[in-house]
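# Architecture at a glance
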Amino acid sequence: LDIFFCWVRDDFQRSFNCLVLEPFFMLSSWTPFPQYLDSIVQIIKDSQQCDVTQHQLVQERLQNLKNLPDCNNYLAYIFADAQDESLRIISGLLLKNNLRIRSDQQYSQANDYVRAKVLACIVDPSYLIRNIVGTITSSYLIKADSFSAWPGLLENLLGLLDNQNPVAVEGALAAIAKICEDNRHIILTDSSEPLKFIVQRLIPFLRSPNDVMRKSAVIGLHQFLLEMQQLLASNFNDYLQGLFAIANDRVPEIRKCVCQALVILMDRKPEAIQSSLANVVQYMIGMSQDQDENVAVEACEFWPLLANNPDCYPVLREGNLLPKLLEVLLSRMVYSESDIQSLCQVAEDELIPDRAQDLRPHFHKGKVHGRVDDEDDEEDVDEESTVWNVRKSSANALDNLSHSFTGQLLEPLLPLLQKSLASPSWPTREAAILALGAVAEGAFYDMLPHLPQLVPFLIGQLSDEQPLVRCITCWTLSRYSKWIVEEKEQDKYFIPFLQKLLERILDVNKKVQEAACSAFATLGEQTQEHLIPFMSNILQTLMLAFKKYQAKNLLILYDAIGTLADAVGPELNEPELVNILLPPLIERWKTLPDEDVRQIPLMESLTSVCSAVGEGLSSDAKFIFDRSLFIIEKTLHNNQLATHNQEELPEKDLMVCALDLLSGLTEGIHTAIEGLLTEKAFLLFLECTKI
C-alpha cells in the first residue's frame, strides 16, 4: 500500500504537500517516549547556547546519547517533526554522524523507521533540511559501502525526478548529487549498473531553468566525466552539449563545475574537446577573469595542462590568443583590495610576537639545507595563507607557459611588463615583478639580453616603501641569482645585490625578513667564493637578525646559517668569524629545555657549522658533545618507560637530530673526537641501533 506523507509548514509550520512514496517507506510502530524526547531536545538546545564552562558537560551528554539503543529513532523523529529549524538541523547532523559510526547490525531494528523519517523530509520547504537529507543518505551508504543497505533508495530518488512538485525534484537531485560525490565507487561497482540510469536522468536537468536543479545535476554528472566518455559514449555528446549550454551560467558554482570539467578533459581526454578547443580556450580566458575567485582559480588550472600538451600550441599561436591570455594572467596576479587590507595591516611589525597558530611544526630533515620547506616557488613568500588562490594559480600558469613557449613568450609579455613596471600603482608593479620571477626558469635564456638592465632595476626595488614589493623582489632576484653571481661586473650586480639583501634581512617587516633570508639561502647555494670576502659583514648581519627575529623567522634564519656554512665550508674556520657566529648559537641552545622541539632547527644549523668550523670549535666541542649525548640518553630512557608501561612511544626526532649533530662534529674535528668518547657513549650508540 502506498503511504501519503502530508505535513504543514510555512515560516514556522509545514504547508500541505502530498508525496506518493513506495511501500518501502512504511513507518514502523515505534513512537518516542515523551520524557526521553524532552530530555534529548533539551540537551540539543543546551548545545546551542552553552558557554565555555558548560561545553564539556553538554558534549558528554551528547556523547552519552549515542549509547541509547533507539537514539537514531529519536534524532530522526526530531529531524522530521520538530518545529524549530535549528533544532532539526542539529538533530540531522547528529544522526548523520551516528550513521557513519554505528554498525547496521547493531541498529537494524531502527533502520526502517529512520530511513522513512529521513526520506520524508526530501520535500521539506527548507533548503537546508533537504540538503541534510542528502548528507544523511550519503553517510549511510558510506558506512554500508553498498546500495543494498538502503533498499530502493536510488530507484525512489530517481523516481522523484518526475514529480510535479519542484521542491521534491530539488530535494531528490541534491541527494543524488551528494551520493555521487561521496559514493562514486559504489555506483561504479554495483552489479545493477546504476551509472547509466543516473547519467540519463541527470543530463536533461543541465538545461533546467531552476538554478538548484542545474547545480545538482552538474555536480552529480561531474563525478563520472571520464566514465561517461569511455562507457557511455552516446550520452557523452549530450552531456557536452548540456555543459556548453550552461558555460556562462549566472550561478558561480555551476561555472566553476564547467571549468573543472574542462580541466579534467584537458588533462585526461584532450581529444574529447579538440574539435572545439579554440572556443574552449577563449571561454577559459574569459573565466580566468571571472569576478568569483573560485571560478577564476579553476579556469587558471587549465593553462598548465594546455602548456604541457604540444598538440594544443597552435590554438594559442594561430588565434593570436597568447597575448590576450598573458594580459589576463598578469592582471590576475595583482593583489586585490581585500588581499592588501589583510596583508598590509602593519608595515613595521618586527616587534609583534608571532601567534602560536602561525608557527608550523618543524620536523627534523637531516643534513639538508637551502629552504625551510624545500619549495622554490613564489607562494613561500607571497602570503601567509596556504590557500591556493587566483594569484598563485596565474603565476603557476605563466611559469608553465614560459617552459612551453620558449622564444615566443617574451615578445608579447615584455611590453605588458614594461608598462606595469612603470605604473604608479604599487600592486601593479609588484605583480609585474612576480611575473618576472615566474618566467625566470622557463624563459631564462630569452631573458639574458634584458638582465643587465633588469637586475639593477630590481635591486632598486628592494628599497621600495611597500613591504610586499620588497618581499617579492627578494624572491624574483633569487630566481636570477645564478646569473648575478656569474657576471664579471661584481660591482654592478653581485655586490649591490648582496648589500641590499643584507639590509632586507634586517627589515622592519617580518614578511620581508622571511623573503630576504630565503633569497640569501638560495644565493648561498649558487656561490662560495663570492661570499667569502664578505663573511664578516654577513655574519654580523645574521647575528643582528638572530637578536631581533620572532619565532617564525628564526627557523628560516637557522636554515640560512646552515646553508652558508655548507657553502663556505672550512673558510668559516677563522677566529674572528667563529667568535661572531658560535657564541650566540650556543647561548640560545643553553636556554632551551632538553626535550624542547625548538632545539631541532637550531641543532640542524649547528650540524653544518660544526662540520665547517672544525678545529675552531675548541672548548665548545665538549659542550656540544655532552648536550647531544644527554638528549640521546633522555630519549632512550623515555622510550624504555613507554615500552614498559605499554604507552605510546615518544617521538625520536630530537635523538636523530642529536646523532646528526654528533656526526657533523666528528666531520669537523676529525680524530679529536676520540678525546670526547666514553664507554657510556658507545653503549648509548649501540642502544640507538635497536629502536
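Predicted model, so just to flag it, every value in this text is computed and none were measured.

A word on the overall build of the chain. Check the secondary structure of the chain and you find 37 helices and 2 strands. Counting all 691 residues of the chain, 54% fall into the buried class.

Moving on: helix 36 (residues 653–669). An ideal rise of 1.5 Å per residue puts 24 Å on 17 residues; helix 36 measures up with 24 Å between its terminal C-alpha atoms. Residues of helix 36 that are buried include every one of L654, M655, C657, A658, D660, L661, L662, G664, L665, G668 and I669, and no others. Looking at the packing, one finds that the buried side of helix 36 touches helix 33 (575–591), helix 34 (599–613), helix 35 (620–644) and helix 37 (679–688).

Take the environment of L592 next. The topology assignment puts L592 in the loop between helix 33 and helix 34. Ignoring anything within four residues of it in the chain, the contact list for L592 reads R598, Q599, L602 and R627.

Among the nonpolar cores identified, the biggest contains 233 residues, and Y239, V281, M284, F302, W303, L572 and L665 are the most heavily contacted of them. For L665, the residues in contact, after removing those within four places along its chain, are C610, L617, A621, I624, F625, H670, I673 and L676.

Summary statistics for the chain give a mean pLDDT of 86 and a share of 88% for residues scoring 70 or more. Within the model, the stretch residues 1–27 combines pLDDT values under 50 with 64 contacts to residues more than four positions away or in other chains. Segment residues 368–384: pLDDT under 50, and 59 contacts once partners within four positions in sequence are set aside and those in other chains are kept.

Attention shifts here to the pattern of salt bridges. Enumeration according to the criterion identifies 27 salt bridges in this entry. A salt bridge links D124 to R88; the shortest N-O distance between them is 2.7 Å. With a gap of 36 residues between them, D124 in the loop between helix 5 (108–120) and helix 6 (127–144) and R88 in helix 4 (residues 85–101) connect regions that are remote in the sequence. The pair formed by D124 and R88 is uniform in burial state, with each residue classed as buried. With a shortest N-O distance of 2.7 Å, E170 and R130 are connected by a salt bridge. Highlighted residues: E170 in helix 8 (residues 166–182) and R130 in helix 6, separated in sequence by 40 residues. As far as burial versus exposure is concerned, E170 and R130 are alike and both buried. Three or more residues joined by partner-sharing salt bridges are found here, namely R470, K500, E503, R504 and D507.

Here V613 is to be found in helix 34. On the basis of relative accessibility, which here comes to 2%, the residue V613 falls in the buried class. A sequence separation of 44 residues divides V613 from G569, and the C-alpha atoms of the two residues are 7.3 Å apart. Residue contacts for V613: discarding those within four places in its chain leaves L572, N573 and V578.

Tracing the backbone through its elements, the reader meets A116 in helix 5. Taking the C-alpha atoms as reference points, A116 and A80, 36 residues apart in sequence, are found 9.7 Å from one another.

Two numbers describe how helix 6 lies on helix 8: the axes approach to 8 Å, and their chain directions differ by 35 degrees. For the pair helix 6 and helix 8, the crossing hand works out as right-handed. Residues R130, N131, G134, T135, T137, S138, L141 and I142 of helix 6 form the contact with helix 8, whose participating residues are V167, E170, G171, A174, A175, K178, I179 and D182. Partitioning the contact of helix 6 with helix 8 into residue classes produces 6 nonpolar, 6 polar and 4 charged.

Scanning all chains against the criterion turns up 13 aromatic pairs. Ring geometry for F546 and Y558: centres 5.9 Å apart, planes at 65 degrees, overall edge-to-face. Of this pair, F546 sits in helix 31 (residues 535–548) while Y558 sits in helix 32 (residues 551–568); the two residues are 12 residues apart in sequence, bridging distant segments of the chain. The residues F546 and Y558 share a single accessibility class, namely buried. An angle of 80 degrees between the planes, with centres 5.6 Å apart, marks the rings of W589 and F623 as edge-to-face. Of this pair, W589 sits in helix 33 while F623 sits in helix 35; the two residues are 34 residues apart in sequence, bridging distant segments of the chain. Residue classification places F623 among the partly exposed residues on the basis of a relative accessible area of 26%. Three or more aromatic residues joined by ring pairs form one cluster here, namely W30, F33, Y36, Y74 and Y113. Sitting over the face of the ring of F546, R588 holds its NZ or CZ atom 4.6 Å from the ring centroid. We note K590 situated over the ring of F623; from NZ or CZ to the ring centre the distance is 5.1 Å.

It is worth spelling out helix 23 (residues 410–421) at this point. Those residues of helix 23 not exposed but buried are L410, P412, L413, L414, L417, S420 and L421. Residues of helix 23 that are buried sit in contact with helix 19 (321–332), helix 22 (390–404), helix 24 (426–438), helix 25 (444–447) and helix 26 (451–461).

So, on to the packing of helix 30 (residues 510–526) against helix 32. Two numbers describe how helix 30 lies on helix 32: the axes approach to 9 Å, and their chain directions differ by 15 degrees. Classified by the angle their axes make, helix 30 and helix 32 are roughly parallel. For the crossing formed where helix 30 meets helix 32, the hand is left-handed. Residue-level contacts link K510, Q513, E514, C517, S518, F520, A521, G524 and E525 of helix 30 to K552, N553, I556, L557, A560, T563, L564 and A567 of helix 32.

The next subject is unusual backbone geometry. Positive phi values are uncommon outside glycine, yet D145 reaches one of about 60 degrees. The topology assignment puts D145 in the loop between helix 6 and helix 7 (153–160). The class for D145 is partly exposed, based on a relative accessible area of 44%.

Analysis parameters
Residues numbered from 1 in each chain as written. Predicted model: local features only at pLDDT ≥ 70, side-chain atom pairs only at ≥ 80, totals over all residues. Heavy atoms only, no water. Helix = DSSP H or I, 4+ residues; strand = E, 2+ residues; numbered from the N terminus. Buried < 20%, exposed > 50% of the residue type's maximum accessible area, 1.4 Å probe, protein only. Expected span 1.5 Å × (residues − 1). Contact = heavy atoms within 4.5 Å. Core = buried A, V, L, I, M, F, W, Y, C linked by side-chain atoms within 4.5 Å. pLDDT = per-residue confidence, 0-100. Salt bridge = Lys/Arg side-chain N within 4 Å of Asp/Glu carboxyl O. Axes fitted to C-alpha atoms, helices over the stretch in contact; angles between N-to-C directions. Left-handed = near helix turned anticlockwise from the far one by under 90°. Nonpolar A, V, L, I, M, F, W, Y, C, P; charged D, E, K, R; others polar. Phe/Tyr/Trp six-rings, centres within 6.5 Å; stacked < 30°, edge-to-face > 60°. Lys NZ or Arg CZ within 6 Å of the ring centre and 35° of its normal. Parallel < 35°, antiparallel > 145°, perpendicular 65-115°, else oblique.

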